[in-house]
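Here's the letter readout for the chains.
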Amino acid sequence: MSDLPPRRLLLVHAHPDDESINNGATMAKYAAEGAHVTLVTCTLGEEGEVIPTDLAHLAADRDDTLGRHRIGELAAAMKELGVTDHRFLGGPGRYRDSGMMGVVQNENPDCFWQADLDEAAGHLVEVIREIRPQVLVAYDPNGGYGHPDHIQAHRVAMRAAELAAAEGHAIEKIYWNCVPRSVIEEGFAALRAAGKEVPFEGIASTDDVPGVVDDAKVTAAIDGTAYGERKAAAMRAHFTQIAVDGPFFALSNDLGQPLFPDEYYVLVQGTAGAEREDDLFAGVRG
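Remember, predicted model here, so these are calculated numbers, not experimental data.

Trainee: How should I be thinking about the pattern of salt bridges in this particular structure?
Mentor: Opposite charge on two side chains lets them pair, provided their charged atoms get close. This model, assessed by the stated rule, comprises 17 salt bridges. Asp-64 is paired through a salt bridge with Arg-96; the nearest N and O atoms lie 2.6 Å apart. With Asp-64 in the loop between α2 (56-60) and α3 (65-81) and Arg-96 in the loop between β3 (85-88) and α4 (117-131), the pair connects residues that are 32 residues apart, well separated along the chain. Taking the relative accessible area as the measure of exposure, Arg-96 reaches 16% and is therefore buried. With a shortest N-O distance of 2.5 Å, Lys-173 and Glu-277 are connected by a salt bridge. Highlighted residues: Lys-173 in strand β5 (residues 173-180) and Glu-277 in the segment after β11 (263-269), separated in sequence by 104 residues. Judged by its relative accessible area of 1%, Glu-277 is buried.

As structure tokens, then:
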């Protein structure tokens, strides 16, 4: 790809909709500022549970109609965020959704969980060679909440970064998604005040909420205030998977979650541009 903008951001996600929930405001911000934003999605999300009852037939279709439908949802979401470069790892349908951990779909030889790591990472290396991103955003080793496709997406992203660096295409900064403890506690308080059921209500503390980290571990915070509506619109575009209700949203479990306009990251490779960065490209050389 020629004539690339000076700032290039690569994000790796497991299924369509993960990107909008985790990084929608970040993607919209950098796209609006003229950075080249590339999203690589690893599966079509064929095993997703469908929320609208009039579309329930999509999930029941053995021909994976849901996966093909979600390609369109992802394209609509990316239009809302202003992102024009969105791809599927190895091409649409190369790796199938593995389902939740422990289900029989995990054993499907075509699923992402069963993918050969270096082969899958090789597809991502091709993207890295082409766009030469300075910044990569991925999941933590637990994939945020333990979904096999999220864990595999983490492994593939980190392995691809390693392989690309060996070729001379090192990525300057790698971040993992996270949620600060104070933010999740504030969000849960807002849910209770609105009379909504809170996820993980029975836990002893937010230490047991997946993806939550101590505030002191957060190294970057992106102010998404100006892009909150775009993020919400992108999430609405994934209408088979997400129901958005004002400042809250719910997945198929119908449990309300806060819709955070601000997004947070932990820097795991590279040098921070400040103690608490407000720009993922801070300190990038070019």
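Trainee: Please clarify how helix α7 (residues 228-237) should be interpreted in this entry.
Mentor: Residues separated by three or four positions in an α-helix point in the same direction, a consequence of the helix having 3.6 residues per turn. Burial runs high along α7: 7 of the 10 residues are buried. Of the residues making up α7, those classed as buried are Gly-228, Lys-231, Ala-232, Ala-233, Ala-234, Met-235 and Ala-237. Looking at the buried side of α7, the elements it contacts are α1 (18-32), α3, β8 (243-245), β9 (248-250) and β11.

What counts as what
- Residues numbered from 1 in each chain as written.
- Predicted model: local features only at pLDDT ≥ 70, side-chain atom pairs only at ≥ 80, totals over all residues.
- Heavy atoms only, no water.
- Salt bridge = Lys/Arg side-chain N within 4 Å of Asp/Glu carboxyl O.
- Helix = DSSP H or I, 4+ residues; strand = E, 2+ residues; numbered from the N terminus.
- Buried < 20%, exposed > 50% of the residue type's maximum accessible area, 1.4 Å probe, protein only.
- Contact = heavy atoms within 4.5 Å.

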